[in-house]
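Examining the three-dimensional arrangement
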Amino acid sequence: MKLIHSRDNAFFKQLRKLAESGRERRKAGRIVLDGVHLVEAYEQAIGPVDSLIVGESALAGDEIARLVAGREIVVLADALLQDVAPVDTPSGLLALAAWPMATAPLQPGRDALLLDGVQDPGNVGTLLRTAAAAGVTQALLSPGCAAAWSPKVLRAGQGAHFALAIHENADLGEFVSRYQGTTAVTCLDGATSLYAAQWGGAVAWIFGAEGQGVRQELIAAADCRIRIPMPGAVESLNVGAAAAVCLFEMVRRRQA
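Okay, so let's go over this structure.

About the criteria used
Residues numbered from 1 in each chain as written. Predicted model: local features only at pLDDT ≥ 70, side-chain atom pairs only at ≥ 80, totals over all residues. Heavy atoms only, no water. Salt bridge = Lys/Arg side-chain N within 4 Å of Asp/Glu carboxyl O. Helix = DSSP H or I, 4+ residues; strand = E, 2+ residues; numbered from the N terminus. Expected span 1.5 Å × (residues − 1). Buried < 20%, exposed > 50% of the residue type's maximum accessible area, 1.4 Å probe, protein only. Polar contact = N/O pair within 3.5 Å; in protein donor to acceptor, adjacent residues only side chain to side chain. Pairing = 2+ DSSP bridges. Contact = heavy atoms within 4.5 Å.

Turning to the pattern of salt bridges, a few remarks are in order. Summed over the entire model, instances satisfying the criterion amount to 15 salt bridges. Aspartate 50 is the salt-bridge partner of arginine 30, the closest N and O atoms lying 2.6 Å from each other. Of this pair, arginine 30 sits in strand 2 (residues 30-34) while aspartate 50 sits in the loop between helix 3 (36-45) and strand 3 (51-55), placing them 20 residues apart in sequence. Look at the salt bridges and you will find they share partners, linking Arg7, Arg16, Glu20 and Asp83 into a network.

Taking 1.5 Å per residue, 17 residues should reach 24 Å; helix 10 (residues 239-255) reaches 24 Å between its end C-alpha atoms and fits that length. Among all positions of helix 10, only Val239, Gly240, Ala242, Ala243, Cys246, Leu247, Glu249, Met250 and Val251 are buried. With a side-chain oxygen lying 2.6 Å from the backbone nitrogen of glycine 240, the N-terminal cap of helix 10 falls on asparagine 238.

Quick look at the pairing of strand 12 (residues 224-227) now. Burial along strand 12 is one-sided: the face carrying Cys224 and Ile226 is buried and the face carrying Arg225 and Arg227 is not. Across three bridges, the pairing between strand 9 (residues 182-186) and strand 12 is parallel. Considered in strand 12, the bridge of threonine 186 is made with isoleucine 226. Judged from the two bridges that link them, strand 10 (residues 192-193) and strand 12 form a sheet pairing that is parallel. In the strand pairing of strand 12, threonine 192 is matched with isoleucine 226.

Moving on, we get to the environment of aspartate 120. Residue placement: aspartate 120 occurs in the loop between strand 6 (112-116) and helix 6 (121-133). For the pair aspartate 120 and cysteine 145, spaced 25 residues apart in sequence, the C-alpha to C-alpha distance is 7.8 Å. In this structure aspartate 120 touches Ala146 and Glu210, once residues within four positions along its chain are discounted.

Just geometry here; none of it tells us what the structure is for.
Dropping the structure here:
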C-alpha cells in the first residue's frame, strides 16, 4: 500500500491530468473509472485494471475493502481524492485502466445506436446504457458528441461501455447509406407514430442533439421517421427518455 499526502507527488500529478483531460487520457491510452461497480464491470469484461486508488477514509467501507483485499493499492489523503475526483460525488475508489478501443468492425446488418451531436455527458452515458440493456451491441457517435470514455459518461453508463463496440467521430451518413436494415430517426415532420411504424430485421436508431435534434441530411436519409405520441401537456422528451421508449418498443415487438 502506497500512501500519498502531497500534491507534489508525481503519481498524483499524473492522475490529476488524466482525470481532467481527454487529450491526456487518449495520449496515455488510459481511462479513469470511479466506483466499485465500474471497476468490477471493467474487470469482468476486459481484465484487471492498472491501478486502484482509494481515499484514506474509504478504506473502512466494506464494499471497497472487499474489492481491494490482497491487491496493491494507492491510498490518497481524502482532500487529495476530492481534488482529483472526476465526478461531483466521488465514491472513494478510482482506477486507471487501459482504454478499450473499438476493434470490432462496424456491422451494417446488426442493431445500432447512432448519436448525432449529443453533447451532455449524462445523456450520452444514459443512451449507451439504455442501448446495451436493449441488446444493441454497437454505437456510433458523431463529431460533437460528448467524449464516450470521459469519467462522467462512464459513470452515467454504469458499465454499458464494456458491452458495446463504441465508434467515436463516426461518419453517420456513410453508415446509414450502407446499412442493411431499417434506419429510424425521431423527428416531427412527416413522422409516423412509433406504435404504428413498420420495420423489420435490424434497426439503426438515430437520436440527435438536445436542442437541434438530428441533422436534416440524416433525417432525409433515414428509412423511417418516428414520433412518440405524447397525449399529455408536454411537447418533448429528454433524448435519453425518448431513446428508452423507442428501443424498448423494439424489444417488446421482438418478444411478442
